[in-house]
Each structure stands twice: as C-alpha cells, then as structure tokens.
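Okay, here's what each chain looks like letter by letter:
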Amino acid sequence: GVTHDTHGCRRAPASINRYRVAVKALFAYLEHRWLVPSNPTAILRCQRHRAIPPEVLSEGEVQQVLTFRYQGRTAARDRALVAFMLLTGTRLSETVALNVGDINMRTRTALIRQAKGGDPERIVLSDLVVTAITPLMTRDHDEPLFRTGERRLCGRQVQRLVVQRLQEAGIERRLTAHALRHTFATRLYNRTGDIRLVQQALRHRHVTTSEQYCQVDPL
C-alpha cells in the first residue's frame, strides 16, 4: 500500500487503512448500482485498528476528587454532580435530564432516561452517591436534580464546571465530563474483569463498544 502522500510525508497505518475502507465502500456502491462492470477493490484487505484507550483518572485521583471540599455557592451541587457521574457512569445527557423524582432514596436507585433510545432503566446508587445528592433532594419531584437557579443545567455548563472542579481538586490534566464515564467503566472492568458487565452498566448496545476499556492499564 501507499505509505507516502504527494509531498512525501509518511502516512500512519491507520490513515492508509481508512483510505482503503473509503475506496472499497465507493466501489461497492458503484458495483451495486451497476456503474462499474466489476469491483477492483475486492482483493483489498482492511484491518481493524483498536481505538486509542480513553484517558481516565487513576484510583488515587478518584479519591482525591471525591474527598476534595469544593468552595463557593454551588459547591454542594457540583460535588454531587461530579460524584454522580464518576460513580454511576451516566452519560452527560442522561445526567442533566434527571429530575428529583427520578431518585428513589428508599431503594437507592435512579431512573435513567437513555439518550440513545430504549426504555428508561433503573440503576443502583452507592452510599457515596446518595450522601452527595441528599442536599439536592429538597424540591418537587418534577424539578431538575442538577440546576442553576430555577433552570436545568445544560450540557455545556456541566462540561465547564467539571473541568473547573477537577482542576480545583488538583487534577492537572484537562479532562472532560466524559472522562468520568470512562473512569467508571475502567474501574469496573479492573475490579471484575467482566466486559459484559461493563457493557450492561454503560448501556452499550454492542460489546465491541465496551472493549476499549480492556486496553487501559490498571489504575
């Protein structure tokens, strides 16, 4: 295969593989529409490249984030938000969609409305999560759990505050809110070695989506 572009710069194997995939897809379409007599790319073989492992918090950093005493007017809300995402692995959109009534403090569960379709699902909350969100459980059931004033926090606001609060807790790397979900999944796999359990906990449709967490070094 070609390993250099028109300027002589060497291409990475993954880039070359993507070119092959694109060319094969083009000719498969042309052949399907009878626009070419045969598919000359049929002999090309494409490789499956493993995705780059996600960046996650180490076990020490997890404890650092969970025990840090945030300051400011929204300290209780922000601590609860970070703890919830870190210890449940919920997606950003699933987290901001939570209402007070979705939390059942008696059974210690939360009703998650899946952002990617499917029926709502209840997840179990740990003692740490229950303790963190207790100060937020003071309003009507149909009101947002994570809010700013009377309005629901939006995804961009959560992204900003997670970056800010992690940095305040001493995490020097600039990690996104999704890194909390990655961290949850990695910790779960490292503790159980069960990729199917990770798939179920993350509500992934296909186990191949969860396999990226097998690549992360133990925390």
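Within any chain, residue numbers begin from 1 and follow the written order of that chain's sequence. Predicted model: local features are reported for residues with pLDDT of at least 70 only, side-chain atom pairs are reported and counted for 80 or more only, and whole-chain, interface and lining totals are derived from all residues. Side-chain calculation: all heavy atoms of the structure are included, whereas hydrogens and water are not.

### Comments concerning the overall build of the chain
Cut-off, in case you're wondering: Helix and strand definitions follow DSSP, with helices as H or I runs of at least four residues and strands as E runs of at least two, each counted in order from the N terminus. Throughout this description, buried means an accessible area under 20% of the type-specific maximum (1.4 Å probe, protein chains only), exposed means over 50%, and partly exposed covers the range between. By the convention used here, residues are in contact when the closest approach between their heavy atoms is within 4.5 Å. Areas reported as accessible are Shrake-Rupley estimates using a 1.4 Å probe. Residue values count occlusion only from the protein chains shown.
A count of helical and extended segments in the chain gives 9 helices and 5 strands. Going residue by residue from the N terminus, the α and β elements of the chain occur as α-α-α-α-β-β-β-α-β-β-α-α-α-α. Taking all 219 residues of the chain together, the buried fraction comes to 39%. Taking the intrachain contacts of the chain between residues at least 6 apart in sequence as the baseline, contacts between residues at least 24 apart amount to 57%. Total accessible area on the chain is roughly 13,300 Å²; 52% of this is exposed by carbon and sulfur atoms.

### Quick look at the packing of helix 2 (residues 59-67) against helix 7 (residues 178-192)
Test applied: Only the stretch in contact is used when a helix axis is fitted, and all axes are lines through C-alpha atoms; the angle between N-to-C directions ranges over 0 to 180 degrees. What sets the label is the angle itself: under 35 degrees gives roughly parallel, over 145 gives roughly antiparallel, 65 to 115 gives roughly perpendicular, and the rest give oblique. Left-handed describes a crossing whose near helix is turned anticlockwise from the far helix through less than a right angle; right-handed describes the clockwise counterpart. Under the grouping applied here, Gly and all other residues not named as nonpolar or charged are polar, the nonpolar ones being Ala, Val, Leu, Ile, Met, Phe, Trp, Tyr, Cys and Pro and the charged ones Asp, Glu, Lys and Arg.
The N-to-C vectors of helix 2 and helix 7 enclose an angle of 125°; their axes lie 11 Å apart at closest approach. When the axis of helix 2 is compared with that of helix 7, the two are oblique. Considering only the axes of helix 2 and helix 7, their crossing is left-handed. Touching E59, V62 and Q63 of helix 2 are T183, R187 and R191, all from helix 7. Its residues assigned to classes, the contact of helix 2 with helix 7 shows 1 nonpolar, 2 polar and 3 charged.

### What to know about the pattern of salt bridges
Quick note on the threshold: Any Lys or Arg side-chain nitrogen found within 4 Å of a carboxyl oxygen on Asp or Glu counts as a salt bridge.
Going through the model one piece at a time under the given rule, you end up with 12 salt bridges. With a closest N to O distance of 2.9 Å, D78 and R165 form a salt bridge. Of the two residues, D78 is situated in helix 3 (residues 75-88) and R165 in helix 6 (residues 155-168); the sequence distance between them amounts to 87 residues. Among the salt bridges present, the one from D102 reaches R113, with a minimum N-O distance of 2.5 Å. In this pair, D102 is assigned in the loop between helix 4 (92-96) and strand 1 (103-104) and R113 in the loop between strand 2 (109-112) and strand 3 (121-124), connecting sequence segments 11 residues apart. Looking at R113, the relative accessible area reads 36%, which means it is partly exposed. A single network of salt bridges, built from pairs that share partners, joins R77, D78, R165 and E168.

### Observations concerning the packing of aromatic side chains
To describe a pair of aromatic rings, you give the distance between the ring centres and the angle between the ring planes. The condition that has to hold: Only the six-membered ring of Trp is used, alongside the rings of Phe and Tyr, when aromatic pairs are assigned; centres must lie within 6.5 Å, and planes under 30 degrees apart are stacked while those over 60 apart are edge-to-face, with the rest tilted.
Tallied over the full model, the rule gives 2 aromatic pairs. With a centroid separation of 5.3 Å and 65° between ring planes, the pair formed by F68 and Y70 is classed as edge-to-face. The exposure class of F68 is partly exposed, given its relative accessible area of 27%. Measuring from ring centre to ring centre gives 6.1 Å for F84 and F146, while their planes differ by 70°; the resulting arrangement is edge-to-face. Residue F84 is found in helix 3, and its partner F146 is found in the loop between helix 5 (127-133) and strand 4 (147-148); the two are separated by 62 residues along the sequence. The burial state of F84 is the same as that of F146; both residues are buried.

### Brief notes about helix 3
Here is the rule we go by: Multiplying 1.5 Å by the residue count of a helix minus one yields the expected span of that helix.
In a regular helix each residue adds 1.5 Å, so 14 residues correspond to 20 Å; helix 3 covers 20 Å between its end C-alpha atoms and thus fits that length. Of all 14 residues making up helix 3, 12 are buried, and the element is well covered by its neighbours. Residues A75, R77, D78, A80, L81, V82, A83, F84, M85, L86, L87 and T88 constitute the buried set of helix 3. Where helix 3 ends, the next residue or the one after it, G89, has phi of about 75°, a positive value.

### A short note on the sheet that holds strand 2
Quick reminder of the rule: Paired strands are those between which DSSP finds at least two bridges.
The 3 strands lie next to each other as 1-2-3, forming an open sheet whose pairing is antiparallel. The outermost strands of the open sheet, each flanked by one partner alone, are strand 1 and strand 3. With 2 bridges joining them, strand 1 and strand 2 adopt antiparallel strand pairing. What sits directly across from I103, in strand 2, is A110.

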